[in-house]
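# Structural characterization, general
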Amino acid sequence: MPNSAYIVFAHGSSVESANDAVRAVASTLARQGGYEAVETAFLESGTPDLRGAVDLLVGCGIARIVVLPYF
């Protein structure tokens, strides 16, 4: 189990395809960077929000979380 995780934190949009684009960036980061734990979070109009993403990762036993602003 990884001890560190990354959250790609974006503004969020009511247009779900825009949120999906952020999820694709997070997926690419995980794959190309070799990171096991990468999540997305949204400030507005998307799920999960930052608190939800942090809670999810902490619930998985992650001890260190790095938030990457993507605005």
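This one's a predicted model, so the numbers in the text were calculated from it and none came from an experiment. (Residues numbered from 1 in each chain as written. Predicted model: local features only at pLDDT ≥ 70, side-chain atom pairs only at ≥ 80, totals over all residues. Heavy atoms only, no water.)

## A look at the environment of Ala-26
Examined against the element boundaries, Ala-26 turns out to sit in helix α1 (residues 16-33). With relative accessibility at 5%, the residue Ala-26 sits in the buried group. Excluding residues within four positions of it along the chain, Ala-26 makes contact with Val-8, Val-38, Glu-39 and Thr-40. (Helix = DSSP H or I, 4+ residues; strand = E, 2+ residues; numbered from the N terminus. Buried < 20%, exposed > 50% of the residue type's maximum accessible area, 1.4 Å probe, protein only. Contact = heavy atoms within 4.5 Å.)

## Some details on unusual backbone geometry
In the segment running from Thr-47 into Pro-48, the intervening peptide bond is cis, with an omega of 0°. As for its placement among the helices and strands, Pro-48 is situated in the loop between β2 (38-42) and α2 (50-59). The backbone of Ser-45 shows a phi angle near 55°, a positive value even though the residue is not glycine. Assessed through its relative accessible area of 46%, Ser-45 is described here as partly exposed.

## Here we look at the side chain of Thr-40
Relative to the elements of secondary structure, Thr-40 occurs in strand β2. Given the relative accessible area of 9%, Thr-40 is considered buried.

## Let's talk about the sheet that holds strand β3 (residues 64-70)
The strand order across the open sheet built from 3 strands is β2-β1-β3, with neighbouring strands paired in parallel fashion. Only two strands of the sheet have a single neighbouring strand rather than two, namely β2 and β3. Adjacent strand axes in the sheet meet at a mean angle of 25°, parallel and antiparallel pairs treated alike. Looking at chain direction, strand β1 (residues 4-10) and β2 are connected through 5 bridges and run parallel. Paired with Ala-10 across the strands is Phe-42, a residue of β2. (Pairing = 2+ DSSP bridges. Axes fitted to C-alpha atoms, helices over the stretch in contact; angles between N-to-C directions.)

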